[in-house]
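Okay, here's what each chain looks like letter by letter:
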Amino acid sequence: MKRENQKKAIFCGVFFVVLCGFWLADVLCKDRIYSDWEKRMLAQRPEFTVSSLMEGTYGTSYEEWLTDQFPGRDRWVSVKTRCEILLGKKEIQGIYLGKEGYLFAESTQTADWDKLEQQMQERFGKEAVSRIHAPHAGTVLQEYLPQGIRFFSAEDDVLKNLEAHKNEYIYFKTDHHWTMLGAYYAYEAWARQRGMKPLELELMDRVVLREDFLGTHYGKIHYTAGEDQMEFYDPGISCSAVYDLGTSTVSGLYQPQHLDGEDAYRYFLDGNHGLVQITTEQTGGHLAVLKDSFANNLVPFLTAHYGKITVIDPRYFRMDIGEWLSEQDVTEVLIVAQDTTKVTYE
Amino acid sequence: MVFSSLIFICRFLPAFTLIYLLTPNRYRNLVLFVGSLIFYAWGEPVYIGLMLFSTVLDYGNGRILEYARDKGNRGLARAVLIESVLVNLSLLGVFKYTGFLPLPIGISFYTFQTMSYTIDVYRGEAPVQKDIIAFGAYVSMFPQLIAGPIVKYKDVAVELNHRELSWDDAYAGIGRFCIGLGKKVLLANQIGLLWEQAQAMPAGQMSVIAAWMGSIAYALQLYFDFSGYSDMAIGMAQVMGFHLRENFDYPYRSRSITEFWRRWHISLGQWFREYVYIPLGGNRRGLAIQIRNILIVWALTGIWHGKGSQFLLWGLYFGVLLILEKCILLKWLEKLPGIAGHIYATVTVLIGMTIFARNSLQEGLYWIGMMFGLTGRVFSGMTGWLLSNYGILLLAGILGAVGCGRRLAKYPMVWAAVFFLSMAYLVDASYNPFLYFRF
């Protein structure tokens, strides 16, 4: 073989080996059930049936399985993101790349909160029901948005209070949630509005739970210009918590076992459960919190004001919320959730 | 199955290559035939029967033509030819234009290929294929099965029965495949996102610049998608020892529509030229007949691309432009500096592409209206956003489309880089459309 031919042969051989290598790596890698980063169940190997083959569904599910379980998937995604950044893109897979490492995304409400609020008002009276609209990070942190886009959230006391503290660390850079400090300012505004005396920030112990927290936005694009710190402000109220009527083995407000994992936000209330029943040693009424995940790091502050707190995530709660709460001698209802917020262009 | 998918690249391709290489030369057509059927059946198992029917029918037609020729029976030969063309066109007509049944992928391509076979044999321009496996391999050949190029039988007749593997071909073919994959995954899909976003723009944000950006994005998406597919097809065929003709030759470098259609989807243009335009008399029977012929060919070219009046109009639009060019425009353009021709060709092609891109004629015309100021807004906030997000990619696309990267595309290091990046984009694919399902 001539030298030139030899080089060509080597190239072809390497290419073929690489193709087979992907296959081999795929066979050797164990399939994952759930992706902590993407917060979703991953596609599993489809079962082969003649009818699914003939309908063509076998083909599509096989491809979904292959994509979801592709070896080193996260690293491939990271390569892609870096390439897109080089091309000057500011929006990648729905994630907007802001300044100083802040990432943003459009949000979709997880339940029809307006309707729920109305139902609760009808059942418990207008006075007993209150609501915290968790402002979109992009509304508060306008200065960190990439040039040319805006987010708008409901204008109320909560938003005003967060805006007054916008130079503090109130939203995560790599996650769509507020930090516990951000949750505190929302709680503070709400408590004042309800005529309660909020806990004082200075009196609470501040603990850094994790120095290298990476959240949901990171999980989508596997890129960050800086990791987040996860802080904890301790209201110092001892309380017990029962999850899902005791069907779940976890207990307590905080779940330190998640701190080392990829989903450290589950430290608070073990992530999203349909029902969490909290009993404190405080005097006070029974508060029902209807919420999405924004409430998870806000609920600890509420324990200072109520004897009992029932936390419901409508996504995972299978009974009629109003009926069930009526049987629980609930005195107040609070809704904590983020609204649908779409990007607008200047 | 489509080429730009993990299942094709990480499963089908290595498995097929291995089996193909291990099989002795004389059985390789069988491997190609069976492999192609599996490739096709993966997405559309039901329609595999249709393709086999087409294969057997035209194989039989070829044999009867041979018999008729041996016996000197011209009437029979003619009848067989007419029967073949009618059956193929009816298949195409029923599945493509009645809309009762979902469109079998690739039917527009393989029916045109089998027709070319019977016509070539009838004319004595190609030998009869006696081996049904070889003929099946020709009809179903997976590299060009679903998105072309349309390979005329006589162009591969020899290589169907006698072809060799060589390192030269394998090397060049792999390179060609990688470049094509990159065109599809890195350029077409990504630029296509801009077109998607431009189309979804709220009315209050639509602007002249956004409308042009959208049209340019679609024109680039279609080019990179289609030529990328052709590159992958030509590359894979070359690895197996087939040497297919080029299908695209930097069409956006053209200075006239006449030139554009010599460079765009060349195999389709040649097919119509050879089997419709020239038999109708071409340009040899006076200007009036020539104009008639051009209009027929372009109406057919339009219809071939899909049902819906916008496709017919799209074809006729180009037909009329070609006639105008023949009669006067080309003479004018010759006297003007080259840039005038480029601008003329680019604008007219973009308008044509816009008609092609939208779901209906009305929408297409509305979009063209917006390109020329219908909204009364030149720029908007979202326009600026899209420009800052896609500016570099758009520029890279334009430079690539006019051939500025052709030197780079010769280095194996570039092939490897393009391949790995494409893999990364495929693993994270959210937008990977198949544009030819209506062809």
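Procedures and definitions
- Residues numbered from 1 in each chain as written.
- Chains lettered and ligands numbered in written order.
- Predicted model: local features only at pLDDT ≥ 70, side-chain atom pairs only at ≥ 80, totals over all residues.
- Heavy atoms only, no water.
- Helix = DSSP H or I, 4+ residues; strand = E, 2+ residues; numbered from the N terminus.
- Rg over C-alpha atoms; globule rule 2.2 N^0.38 Å.
- Areas by Shrake-Rupley, 256 points an atom, 1.4 Å probe, with all protein chains shown as cover.
- Lys, Arg positive; Asp, Glu negative; His and termini not counted.
- Charge placed at Lys NZ, Arg CZ, Asp CG, Glu CD.
- Buried < 20%, exposed > 50% of the residue type's maximum accessible area, 1.4 Å probe, protein only.
- Contact = heavy atoms within 4.5 Å.
- Salt bridge = Lys/Arg side-chain N within 4 Å of Asp/Glu carboxyl O.
- Domains from an automatic or database assignment.
- Buried area = accessible area lost by both parts, 1.4 Å probe.
- Polar contact = N/O pair within 3.5 Å; in protein donor to acceptor, adjacent residues only side chain to side chain.
- Nonpolar A, V, L, I, M, F, W, Y, C, P; charged D, E, K, R; others polar.
- Phe/Tyr/Trp six-rings, centres within 6.5 Å; stacked < 30°, edge-to-face > 60°.
- Lys NZ or Arg CZ within 6 Å of the ring centre and 35° of its normal.

Caption draft 1: Fine view of the overall build of chain B. Scanning chain B for helices and strands turns up 18 helices and 0 strands. In summary, chain B has a C-alpha radius of gyration of 22 Å against a globular reference of 22 Å for 439 residues, a match within 12%. Based on the C-alpha atoms only, the size of chain B along its principal axes is roughly 70 × 55 × 45 Å. Of the roughly 17,300 Å² that chain B leaves accessible, carbon and sulfur atoms contribute 67%. Separation between the mean location of the 36 positive side-chain charges and that of the 24 negative ones in chain B comes to 6 Å.

Caption draft 2: Here's a closer look at the overall build of chain A. The secondary structure content of chain A amounts to 11 helices and 15 strands. Overall, chain A is about 90 × 50 × 35 Å in size when its C-alpha atoms are taken along their principal axes. Classification of the 346 residues of chain A by burial places 54% in the buried group. The contacts in chain A between residues at least 6 apart in sequence include a share of 67% that link residues at least 24 apart. Total accessible area on chain A stands at roughly 16,200 Å², and carbon and sulfur atoms take up 51% of it.

Caption draft 3: Region of interest: the pattern of salt bridges. What the rule picks out here adds up to 34 salt bridges over all chains. Its salt-bridge partner being K80 of chain A, residue D428 of chain B comes within 3.3 Å of it at the nearest N-O pair. Of this pair, D428 of chain B sits in the segment after α18 (412–427) while K80 of chain A sits in helix α4 (residues 73–86), placing the two residues on different chains. By relative accessible area, which is 6% here, K80 of chain A ends up buried. A salt bridge links R131 of chain A to D114 of chain A, with the nearest nitrogen and oxygen atoms 2.6 Å apart. Remark: D114 of chain A occurs in helix α5 (residues 113–124) and R131 of chain A occurs in strand β6 (residues 129–134); sequence separation between them is 17 residues. Residues participating in the shared-partner salt-bridge network are D120, R123, E125, K152, K154 and E274 of chain B.

Caption draft 4: Representation of the domain arrangement of chain B within the structure. All names here are of chain B. When its domains are assigned, chain B resolves into domain 1 (6–163) and domain 2 (169–427). Contact residues are listed per partner, giving 38 residues for domain 1 and 34 residues for domain 2. For the pairing of domain 1 and domain 2, the buried interface totals around 3,000 Å² over both sides, and the portion due to carbon and sulfur atoms is 72%. Inspection of the region where domain 1 meets domain 2 yields 3 salt bridges. Linking domain 1 with domain 2 are 12 residue pairs in polar contact (both at pLDDT 80 or more). By residue number, the principal contributor to the side of domain 1 that touches domain 2 is helix α5 (residues 107–123), which donates 8 residues. A breakdown of the residues in the side of domain 1 that touches domain 2 according to their chemical character gives 23 nonpolar, 6 polar and 9 charged.

Caption draft 5: View of the packing of aromatic side chains. One pass over the full model with this rule turns up 79 aromatic pairs over all chains. Aromatic side chains Y267 of chain A and F268 of chain A sit 5.2 Å apart centroid to centroid with 85 degrees between the ring planes, which places their arrangement in the edge-to-face category. You'll find Y267 of chain A and F268 of chain A in the same group, each marked buried. The ring of Y20 of chain B carries R28 of chain B above its face, with NZ or CZ at 5.3 Å from the centroid. One Lys or Arg, R253 of chain B, reaches over the ring of Y250 of chain B and ends 5.9 Å from the middle of that ring.

Caption draft 6: Just the interface of chain A and chain B, in detail. Listed as interface residues are 45 residues of chain A and, on the opposing side, 45 residues of chain B. When chain A packs against chain B, the two sides together hide about 4,300 Å² of surface, and 71% of this comes from carbon and sulfur. It is F11, W23 and Y345 of chain A that lose the most area in chain A upon contact with chain B, and together they represent 15% of the buried surface on that side. Inspection of the chain A/chain B interface yields 3 salt bridges. Counting across the chain A and chain B interface gives 13 residue pairs in polar contact (both at pLDDT 80 or more). Among the elements of the structure, α1 (3–28), α2 (50–55), α3 (57–68) and α4 of chain A are those that each provide at least two residues to the side of chain A that touches chain B. Split by residue class, the side of chain A that touches chain B holds 28 nonpolar, 7 polar and 10 charged.

Caption draft 7: Main features of the domain arrangement of chain A. Residues and elements named next belong to chain A. Segmenting chain A into domains produces domain 1 (3–71) and domain 2 (92–345). Measuring from the centre of the C-alpha atoms in domain 1 to the corresponding centre in domain 2 gives 39 Å. Facing 4 residues of domain 1, the contacting portion of domain 2 comprises 8 residues. The contact between domain 1 and domain 2 buries some 640 Å² in all, and 63% of this surface belongs to carbon and sulfur atoms. The largest per-residue losses of area from domain 1 upon contact with domain 2 belong to D36, W37 and K39, which jointly make up 92% of the total buried on that side. Inspection of the domain 1/domain 2 interface yields 0 salt bridges. On inspection of domain 1 and its partner domain 2, the count reaches 0 residue pairs in polar contact (both at pLDDT 80 or more). Residue composition of the side of domain 1 that touches domain 2, grouped by class: 1 nonpolar, no polar and 3 charged.

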